[in-house]
Every structure is written in structure tokens, then in C-alpha cells.
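Listed below, chain by chain, are the residues.
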Amino acid sequence: MRVIPIADAGGLARAHRRTTVVRAALALSLVALIAGAIVASARAQSPTLRFLPRGSTGIVVLDLSASISSDTYQRIGQTLRELASTNGRYGLVVFSDVAYEALPPGTPSAELKQYARYFTLPKTQGGFLPEFPTNPWTNSFSGGTRISAGLGLALRLVQQEHVAKPAIVLVSDLDDDPGDIQHLAGVALAYRQANIPVRVVALDPQPKDQQLFARLLERAATVEHARLPGERASTTGAPVPEWLAGLTAAVALLLAANELWGARLDWGQA
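Just so you know, these numbers come straight off a predicted model, no measurement behind them.

## So, the overall build of the protein
Of regular secondary structure, the protein possesses seven helices and six strands. Each helix and strand of the protein, ordered N terminal to C terminal, gives the series α-β-α-β-β-α-α-β-α-β-α-β-α. Within the protein, buried positions represent 39% of all 270 residues. For the protein, long-range pairs separated by at least 24 residues make up 77% of all intrachain contacts whose partners lie at least 6 apart in sequence. Surface accessibility of the protein: about 15500 Å² in total, with carbon and sulfur atoms responsible for 58%.

Here it is, written out as C-alpha cells:
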């Protein structure tokens, strides 16, 4: 079989070598980015809540209505301790069918510990089962549930105090009074319009209540189930950052294009 020589075989060889180098570099970059994506998604959860955007001032809206039983007290205590350990700044609103300001916005997070103690079981002594400390809300405050009262007061505090970069942490079982749904929808709309994020720590909610709340707040809300002391978060890992996913896809496309160009050069040298 007769071989037909190529006029610029040297140039093709140099181009082929360059393509091989670029191919190897892109392949290494893609491997590094995929590894980074795996690490980002599988990274162990932080022991503290991952709620508030960096630099924001939070207001904790705590549900202490009659539907909150001692079965969920430990979850409330764990949530408050985690928030207290963040070294951030928070306000605290407590609500049932009415709401009041317990801590003003900007209070050091360590102040939440004095509330966490009411929802923390003491150590067992003398063989007797421990009981939660008597709290000041059960007999004189806890009643019906109006989530709109708690979220509404938090929103007014944000507006009155001119809170910079506000964010809300709602700790609730989301079992709202049916008569409050219309008011809650109005408050949820105000949060969406103000672009204030609401991070929900759900206390063993019913699926229908969680779904309703997610529909009302839409993108403004992020829901995480409260956990017991020592319990891992219910989610499996942090989401892959959008920039990392986009960069990985771009490198993959460049690698594919380079492979096609290399195949063309290989065909030309054949």
C-alpha cells in the first residue's frame, strides 16, 4: 500500500504534542474539580446550625404554644445551645397566640443559654428520672398557636431597629391555628418582598404543616429538622457550590473539545 506524504507533517506533529499537553492539563484539572465537588458535598456537618448568611443579624422566633410538649424540649434546648455557641448576635421573640420580645436584636448569642436551660434535662441524681426545670411559660403563657404573631413581631423589630442584614430563625412545630393561616400568608408575603430569609428549625412537624409553610414562604424559607443532643443532622451533606459545579462543567466541555481536535490531528497523521 502506497503512503502519501503530508506536506506539513512537522507542523502536525507539533500541534499534536501541544494538544496532548493541553489534554493532560485539562484532565488533571477535571479530576481536581471533581474531587473538590465530592469533598464539598460529603463534608461532615458542622455541629452548629448552618442557617444564617455570614454577617447577618438573626432574630430567633421561638414557639412555646401548648402544642409544644416536653417531648420536643430537648430539641429546643439543643437548638438554643447551638445558636448560643455561634458567637453571633440575635434577638429573641417568644410566641404562643401572642408574642413578646425577650431579647433585643443584636444581643450576644451567649445570652440564649439562659433560655436553653429550661429545655435541658439535668443529670440523674439518686436514681430518680430527671425532669425539666419549671419554665415561666407553661402555666401563664402557652396557649394557641399563631405563627403570624411571632414572625410579625420579628419583622416589626427589624423595621423599627433598622437591623442590618436581618435573618429569622423560626423554631416551631409549624402546627398553626387554622384561623391564622390567612394572617400568616400576609406576613410570609411581607418577608418575601423584603427579601428576608427565614430559617426554620422544625420540631417534629406533620408533613402537611411543613409543606404548607414551604409554599407560603417559597424561596425565603429553608427547613431543617431540630435534632436531639448528639444527633446528626438529617441531611447528608452540604450542597456543591454553584461556582464549583459550573467550573467543573466548563472544564469538562473544554476537555471534550480538545479530545475532538486531537482525534482530528490523529486522523490527519494517519
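The rest of the description comes next.
## What to know about helix H2 (residues 73-84)
Here H2 spans 16 Å end to end across 12 residues, near enough to the 16 Å set by a 1.5 Å rise per residue. Within H2, 10 of the 12 residues are buried, which leaves it mostly tucked inside the rest of the structure. All of the buried residues along H2 are Tyr-73, Arg-75, Ile-76, Gly-77, Gln-78, Thr-79, Leu-80, Glu-82, Leu-83 and Ala-84. Of the surrounding elements, those touching the buried residues of H2 are strand S1 (57-63), strand S2 (89-95), helix H3 (113-116), strand S4 (166-172) and strand S5 (198-202).

## Looking at the pairing of S5
Within S5, five of the five residues are buried, which leaves the element mostly enclosed by the surrounding structure. Burial of S5 is two-sided: the residues Val-198, Val-200 and Ala-202 facing one way and the residues Arg-199 and Val-201 facing the other way are all buried. Across five bridges, S4 lies against S5 in parallel orientation. Following the sheet pairing, Val-169 is matched in S5 by Arg-199.

## So, the pattern of salt bridges
Applying the stated criterion across every chain, the model contains three salt bridges. The closest approach of N and O atoms between Asp-204 and Arg-75, which form a salt bridge, is 3.5 Å. Placement of Asp-204 in the loop between S5 and helix H6 (207-217) and of Arg-75 in helix H2 is noted, with a sequence separation of 129 residues between them. Given the relative accessible area of 12%, Arg-75 is considered buried. The partner of Arg-146 in a salt bridge is Asp-180, and the shortest N-O contact between them spans 3.7 Å. With Arg-146 in the loop between H3 and helix H4 (147-160) and Asp-180 in the loop between S4 and helix H5 (181-194), this pair connects stretches of sequence that are 34 residues apart. A relative accessible area of 31% places Arg-146 in the partly exposed class.

## So, the confidence of the model for the protein
Here the protein averages 78 in pLDDT, and 64% of its residues register 70 or above. This model gives residues 41-48 a pLDDT under 50, and the stretch forms 18 contacts once residues within four places in sequence are excluded. Between residues 233-240, whose pLDDT stays under 50, and residues either more than four places distant or in other chains, the model counts 18 contacts.

## Some details on the side chain of Thr-145
Locating Thr-145 in the fold gives a position in the loop between H3 and H4. In terms of polar contacts, Thr-145 uses its side chain to reach the side chain of Ser-65, at 2.8 Å. Here Thr-145 is in contact with Asp-63, Ser-65, Ser-67, Phe-95, Ser-96, Asp-175, Asp-176, Asp-177 and Asp-180, once residues within four sequence places are set aside.

## Brief notes about unusual backbone geometry
One non-glycine residue, His-162, lies in positive phi territory at about 50°. By relative accessible area, His-162 is classed as exposed at 69%.

## Details of the packing of H4 against H5
Where H4 contacts H5, the two axes come as close as 9 Å, and the packing angle between them is 30°. Judged by the angle between their axes, H4 and H5 are roughly parallel. Remark: the crossing between H4 and H5 carries left-handed chirality. Together, Ile-147, Ser-148, Leu-151, Gly-152, Ala-154 and Leu-155 of H4 and His-183, Leu-184, Val-187, Ala-190 and Tyr-191 of H5 make up the contact between the two elements. The residue makeup of the contact of H4 with H5, split by class, is eight nonpolar, three polar and no charged.

## With respect to the packing of aromatic side chains
All chains considered together, the criterion is met by six aromatic pairs. Ring plane angle 25° and centroid distance 6.2 Å describe the contact between Tyr-115 and Trp-137, whose orientation is recorded as stacked. With a gap of 22 residues between them, Tyr-115 in helix H3 and Trp-137 in the loop between H3 and H4 connect regions that are remote in the sequence. Accessibility classification places Tyr-115 together with Trp-137 in one group, the buried group. Summarising the aromatic geometry, the rings of Phe-119 and Trp-137 are spaced 6.0 Å apart at their centres and angled 10° between planes, so their arrangement reads as stacked. Separated by 18 residues along the polypeptide, Phe-119 in the loop between H3 and H4 and Trp-137 in the loop between H3 and H4 bring together distant segments of the chain. Residues Phe-119 and Trp-137 agree in their burial class; the two are buried.

How each quantity is defined
- Residues numbered from 1 in each chain as written.
- Predicted model: local features only at pLDDT ≥ 70, side-chain atom pairs only at ≥ 80, totals over all residues.
- Heavy atoms only, no water.
- Helix = DSSP H or I, 4+ residues; strand = E, 2+ residues; numbered from the N terminus.
- Buried < 20%, exposed > 50% of the residue type's maximum accessible area, 1.4 Å probe, protein only.
- Contact = heavy atoms within 4.5 Å.
- Areas by Shrake-Rupley, 256 points an atom, 1.4 Å probe, with all protein chains shown as cover.
- Expected span 1.5 Å × (residues − 1).
- Pairing = 2+ DSSP bridges.
- Salt bridge = Lys/Arg side-chain N within 4 Å of Asp/Glu carboxyl O.
- pLDDT = per-residue confidence, 0-100.
- Polar contact = N/O pair within 3.5 Å; in protein donor to acceptor, adjacent residues only side chain to side chain.
- Axes fitted to C-alpha atoms, helices over the stretch in contact; angles between N-to-C directions.
- Parallel < 35°, antiparallel > 145°, perpendicular 65-115°, else oblique.
- Left-handed = near helix turned anticlockwise from the far one by under 90°.
- Nonpolar A, V, L, I, M, F, W, Y, C, P; charged D, E, K, R; others polar.
- Phe/Tyr/Trp six-rings, centres within 6.5 Å; stacked < 30°, edge-to-face > 60°.

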